[in-house]
Amino acid sequence: MPNLRTQIQQVSDSYSRCCKDEAFFEDFYRSFLSQSDEISAMFEQTDWYRQRYLLKSALKSAILFAKEPSVHLVKVLMANIASSHSIDHYNIRPDLYPIWLECMIQTVSKHDPKYSHALGEAWKDVLKPTIEFMISQYNKEDK
Ligand code: HEM
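Residues numbered from 1 in each chain as written. Predicted model: local features only at pLDDT ≥ 70, side-chain atom pairs only at ≥ 80, totals over all residues. Heavy atoms only, no water.

Side note on the site of the ligand
If you check the shell around the ligand, you find 17 residues, and the closest are Met42, Thr46, Ser84, His85 and Tyr90. Interatomic distance of 2.8 Å between a side-chain N/O atom of histidine 85 and a nitrogen atom of the ligand. Contact distances for the ligand include 2.6 Å between an oxygen atom and a side-chain N or O atom of tyrosine 90. (Near = heavy atom within 4 Å. Polar contact = N/O pair within 3.5 Å; in protein donor to acceptor, adjacent residues only side chain to side chain.)

As structure tokens, then:
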């Protein structure tokens, strides 16, 4: 079993390499929206400049959430992202997350020159707490 601490460092380094090229975020959304009409319909009103910026920062939060899940600020950031994706807001069903994750790994594989199968597995392990948390909040009503 790979050590989570090592994987977090590997993913953090990999993400820095991916972020060198802003096209990373465009490529991710191009790939994700092409997965189904249902998904692309959800992004019809999207302000793409804002969306790419917010995803960039959300991925940093996701990496931090794997590393420091109990830090208050990280919990607040995650709670906000999860709440916006819940049934009462964007209504992102749990079955859409594996598709999102596959597109993310595929985009990383294209943009990170040091990509390997093990690195892809590290990305999956590191994003797992975020995805599990977002899914766990799907049915949660607003306070
Ligand atoms: C770990 C997985 C994901 C992360 C980190 C993430 C992150 C974000 C962030 C940061 C935003 C913008 C800020 C906000 O409104 O909260 C956003 C908006 C959105 N996300 Fe996600 N997301 C994830 C998964 C998904 C999935 C699986 C879908 C399925 C279609 C999805 C659909 C949307 C939609 C429709 C919006 C609103 C776009 C708009 O404003 O027009 N997200 N996401």
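Comments concerning the packing of helix H4 (residues 48-67) against helix H7 (residues 117-136)
Close contact between H4 and H7 brings their axes to 8 Å; oriented N to C, the two are set at 100°. One element, H4, and the other, H7, form an angle in the roughly perpendicular class. In contact with Leu59, Ala62, Ile63, Phe65 and Ala66 of H4, H7 contributes Val126, Leu127, Pro129, Thr130 and Phe133. Residue classes in the contact of H4 with H7 are distributed as nine nonpolar, one polar and no charged. (Axes fitted to C-alpha atoms, helices over the stretch in contact; angles between N-to-C directions. Helix = DSSP H or I, 4+ residues; strand = E, 2+ residues; numbered from the N terminus. Parallel < 35°, antiparallel > 145°, perpendicular 65-115°, else oblique. Contact = heavy atoms within 4.5 Å. Nonpolar A, V, L, I, M, F, W, Y, C, P; charged D, E, K, R; others polar.)

Notes on unusual backbone geometry
Here asparagine 91, not a glycine, exhibits a phi torsion of approximately 55°, which is positive. Inspection of the secondary structure assignment puts asparagine 91 in the loop between helix H5 (72-84) and helix H6 (97-111). Judged by its relative accessible area of 33%, asparagine 91 is partly exposed. (Buried < 20%, exposed > 50% of the residue type's maximum accessible area, 1.4 Å probe, protein only.)

With respect to the packing of aromatic side chains
This model, assessed by the stated rule, comprises 12 aromatic pairs. A ring pair is formed by phenylalanine 28 and phenylalanine 32, whose centres lie 5.6 Å apart and whose planes are at 15°; its orientation type is stacked. Taken together, the residues span about one helical turn, with phenylalanine 28 and phenylalanine 32 both in helix H2 (residues 23-33) at a distance of four residues. With respect to class, phenylalanine 28 is no different from phenylalanine 32; both count as buried. (Phe/Tyr/Trp six-rings, centres within 6.5 Å; stacked < 30°, edge-to-face > 60°.)

Read these as geometric descriptors, not functional statements.
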